[in-house]
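Structural overview
Each chain, letter by letter, is given below.
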Amino acid sequence: MAADTPAARSTRQDQRPGLRRLLRWETALVLLLVAVGLVGEQTSPGFLTGANLFYLGLDVGEIALMALPLTMIIIAGEIDLSIASILGLTSALLGWLWNAGWPLELIFPTVLVAGALAGALNGFFVTRLGLPSLAVTIGTLALYRGLAFVILGDQAVADFPASYTRYGTTPVPGTHIPYPIAFFAVLAALFGVVLHATPFGRSVFAIGANQEAAFFSGIRVKRTKFILYVLSGAMSGLAGIVFTLRFASARADNGAGLELAVVAAVLLGGVSIFGGKGTLGGVVAAVFLLGGIRSALILNDVSNDILNVVTGLLLIGSVIAPNAIAAVGRAVSRRRSASPAAPAEPAGAS
Amino acid sequence: MEATKGGQRSGSHLVEVAFRVRELGILAALALVVVITTAYSPRFLSGQSLRDLLLNASIIALLTVGQTLVVITRNVDLSVGSVLGLTAFMTGNLFVGRPGMPVVVAVLAGLLAGAVCGAINGAVTAVGKVPSLVVTLGTLYVFRGIDYAWAGGRQINAADLPDSLLTLGSGRFLGVPYLVAITVLLVAVAAYALRSYRAGRELYAIGSNPDAALLAGIPVGRRVFAAFVLSGAVAGLAGVLFTARYGTVDATAGTGFELQVISAVVVGGVAIFGGSGSVVGAALGALLLSTIGSAIVVLRVPSFWQQAIVGALLIGAIALDRLLGLRIAAALRQRSIRSGS
C-alpha cells in the first residue's frame, strides 16, 4: 500500500472515498495498538506478559461484549444508550432471583431473556412508534436503571458460589485468556460474519446509508432494527452476568455510566455516527486500544484520569482525521493540477 | 397566492398554539404532582418548601438554557456536566488562593472558562464539520480528565470559601433565592432572544433544515459556534453557582448532569432533532423532573422508584410529542388542501 503512487491514491480516493478512509483509520488503529504495546513494554517490562494481558482482557470484557451489537445499531443509523442500564437491570435481577433461591443454571437464561425483552421495548418504541432512538434510549437509560433499583434497592448480593464466580476471575485453563474474552472472541467472529458477509449485514449497512432507499429496495427496515435492539439487550444481559460474576457482586448500580465508554469505543473504531459506515474489526481494535492504554497508564502509575483525556482526544481525532486527510488530499490534487510541470504519473495506475 | 398565505399564517398559528399547549401540558403535569403531594402533606406548598423546590431545579434548569440553544440547531452538547465540574473546581480553587476576591470576578472567570470550553466544542463541530455528538462525547472525557488531573483527590469545603460566595448560593432577595432569580432572568432573556431576534430565529431555521438554511444565506457555522459558546458559558456560570450552593467541590462535581439536562430538555418539548422547542419549556421540564424527585420523598415512595418514574415520564413525553407532531402535520396538510382549492 505504501508503494501506491500519489496519483493512484487520489484517483482511488475519488472513486471510493468511504472505503479508502476506513482502510486508513483501521490501519491507524492497529498501528496505535502496536505502538501502545511497544511503549507499554518499554516503560514497564512485563506489559506484554500473559498475566497482564489477562487483566487487560478482563477489564474490557463487558465493554467489548456490548460494543458488538452497538456497532450494528450505529451502522444502521440508530443508537442505544440504555445498554449499561440493561447491564445493571440484569445484574440486579440476577441477585434478586438468587436471593429467591433460584439455581444459577435457571437464572442465567432468565436474565438473558430479560435483557432481550428490555431491548425489545427499545426496539418497539423506535420502530413501531417511530420515536428517535437517542431520546428513547436516554429515557430507558433512566427507566431500566430505576427498575434495577426497584428490584434490588441499595443492597448487594454477593454470596454466589465460587464454582461460578471463578469464571469471572480465572483464565481458560492452559491459556491467559479470560472467559469473557473467550466468549467475546467467538461472538465477535459471529457478529463479524453476520455484519460483513450475510444479506442481513448488508441490509444493516443499507439502512444506515439511506433508510428510504433501503425500504424501497425491499429491506424490512423496521424488523431489522427491532432485531438489532433485541440483540443489543441480550448482549447487555450477558455483559450483566459477566460483570456480576467478575466482581462476585450483584448491585443495581453495576456498570453505571459505562454506556458512554462503549459508544466511545465504537466511534473510535471508525463507525460513522450517521450510519452506513464502519467495520467490526475496527471496533474490536478500538476496544483493545482503550484497554491497552488504560493498562499501560496504570502500570506506569500515571493516574487513571489521563485515560479520560486520551479517550476524548482519540475520539475527537477519529472524526477529524478523515476530514483533515480528505482536505489535505484535495489541496494536494489541486496543487498538482495547477502545476502541469509535475512529473506525470504512469497512466492507468488505478 | 393570497389563499396560500392565509393557509401558512393559520398553519404557523397552529404550530404556535401547539407549542403553548406543550408548555401548558408540562405545567399541568407539574400542577398535578404538586396537588397530589400537597393533599398528602400540606407542608409541601409552604414557602420554604417551595423555595427548595425551585432551588433544587435551578442549576439543571440553567443548564437547559444553553442546551436548548444547541439542540435547536440539531446538535447536542454532552460536555456540560464536565464543563460544570471544571469551572466549579476552578471557582473553589480561585478562592482558596485569594480569599478576598470579589464574587463578580469568580462569576466572570467561570463564564469565560465555560465559554472557552464551549468554543472548543463549537470550533471542532462547525469548522471540522463533524457530528457534535462525537465531539462533545470526546470533550466530556477530556474536560473531566483535566478536572481530575487538576483536582487530584482534593476536596474544597465550605470553610475554604468566603461568605460572599456562599450567600450567592443560599441567600435570597425579597424572598427569592438569588439562584432562582438568576435562572429565571436567563431563561427570560434567552426566550426573548430566541423569539424576537434574527439570530435566534436563524437557530430554528438551521435546526429545521441545515442545507436550506445555508442556501438562505444564514451563516450556519457561525451560529452553531455561537450556540456552543453560549452553552459552555452557561455551564461555566452553573459551575460557579454549583460551588456557591453546595460549598463542597471535588473532581466529580456534575458527573452525569448531561443526561439529566437532556432529559429535562426532551421532557420540555424540545425536539431532539432540532428546529423546535423553547427555553421556557425546557426549564419547566427541569422543574418538573426535580419536583417529582421531591414529591417522591414527601409521598414516602421508596426513593428507588424515582429514576424509574423519571424514565417512564421521559418516554411518555417523547411519545406524546410524536403524537402531537403527527396531529399537527395532518392538520397542516388538511389546511393547505382546503386553502389550495
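Residues numbered from 1 in each chain as written. Chains lettered and ligands numbered in written order. Predicted model: local features only at pLDDT ≥ 70, side-chain atom pairs only at ≥ 80, totals over all residues. Heavy atoms only, no water.

**Overview of the side chain of D147(B)**
For the record, the criterion: Helix numbering and strand numbering both begin at the N terminus, where a helix is a DSSP run of H or I of at least 4 residues and a strand a DSSP run of E of at least 2. Contacts: residue pairs with any heavy atoms within 4.5 Å of one another.
Within the secondary structure, D147(B) sits in helix α5 (residues 132-151). Aside from chain neighbours lying at most four places away, what touches D147(B) is G85(B), L86(B), F89(B), G152(B) and A251(B).

**As for the packing of helix α4 (residues 83-99) of chain A against helix α11 (residues 221-247) of chain A**
All names here are of chain A. Rules: Helix axes are fitted only over the stretch in contact, all axes being lines through C-alpha atoms; the angle between N-to-C directions runs from 0 to 180 degrees. Comment on the angle field: the value is read as roughly parallel under 35 degrees, roughly antiparallel over 145, roughly perpendicular from 65 to 115, and oblique elsewhere. Left-handed is the label given to a crossing in which the near helix is rotated counterclockwise from the far helix by less than a right angle, and right-handed is the label when the rotation is clockwise. By the convention adopted, Pro, Cys, Tyr, Trp, Phe, Met, Ile, Leu, Val and Ala count as nonpolar, Lys, Arg, Asp and Glu as charged, and the other residues, Gly among them, as polar.
In the contact formed by α4 and α11, the axes pass within 7 Å of each other and the chain directions differ by 55 degrees. In terms of their interaxial angle, α4 and α11 are classed as oblique. Pair α4 / α11 crosses with right-handed handedness. Of α11, the residues touching α4 (which contributes I83, I86, L87, T90, S91 and L94) are S232, G233, S236, G237, A239, G240, I241, F243 and T244. Within the contact of α4 with α11, the residues separate by chemical class into seven nonpolar, eight polar and no charged.

**Side note on the confidence of the model for chain B**
All names here are of chain B. As a reminder of what qualifies: Residue-level confidence of the predictor, termed pLDDT, takes values from 0 up to 100.
Across chain B, the average pLDDT comes to 83, with 93% of residues at or above 70. The secondary structure element of chain B with the lowest average pLDDT is helix α1 (residues 2-40), at 69, and the one with the highest is helix α10 (residues 220-246), at 91. Predicted complex, confidence summary: ipTM 0.77, pTM 0.82.

**Digging into the packing of aromatic side chains**
As a reminder of what qualifies: For this analysis, a ring pair means two rings from Phe, Tyr or Trp (six-membered ring only for Trp) whose centres lie within 6.5 Å, classed as stacked if their planes differ by under 30 degrees, edge-to-face if by over 60, and tilted for the remaining angles. Throughout this description, buried means an accessible area under 20% of the type-specific maximum (1.4 Å probe, protein chains only), exposed means over 50%, and partly exposed covers the range between. Sitting over a ring, as applied to charges here, requires NZ of Lys or CZ of Arg to be within 6 Å of the ring centre and within 35 degrees of the ring normal.
One pass over the structure, following the stated rule, counts 13 aromatic pairs over all chains. Each ring, one from F149(A) and one from F304(B), has its centre 6.2 Å from the other, and the planes form 0 degrees; the classification is stacked. Of this pair, F149(A) sits in helix α6 (residues 133-152) while F304(B) is found in the loop between α12 (279-298) and α13 (305-340), placing the two residues in two different chains. Assessed through its relative accessible area of 26%, F304(B) is described here as partly exposed. Ring geometry for F89(B) and W150(B): centres 5.3 Å apart, planes at 75 degrees, overall edge-to-face. Here F89(B) is found in helix α3 (residues 80-97), whereas its partner W150(B) is found in helix α5, with 61 residues between them in sequence. Residue classification places W150(B) among the partly exposed residues on the basis of a relative accessible area of 35%. Over the aromatic face of Y167(A) sits the side chain of R166(A), whose NZ or CZ is 4.7 Å from the ring centroid.

**Thoughts on the packing of helix α3 (residues 50-75) of chain A against helix α8 (residues 179-197) of chain A**
Residues and elements named next belong to chain A. Between α3 and α8, the least distance of the axes is 9 Å, while the angle of their chain directions is 15 degrees. Here α3 is positioned roughly parallel relative to α8, judged by the angle of their axes. In this structure, the crossing between α3 and α8 has a hand that is left-handed. Facing α3, whose interface residues are G57, L58, V60, G61, A64, L65, L68, P69, T71, M72 and I75, α8 presents P180, I181, F184, L187, A188, F191, V194 and L195. In terms of residue class, the contact of α3 with α8 is made up of 16 nonpolar, three polar and no charged.

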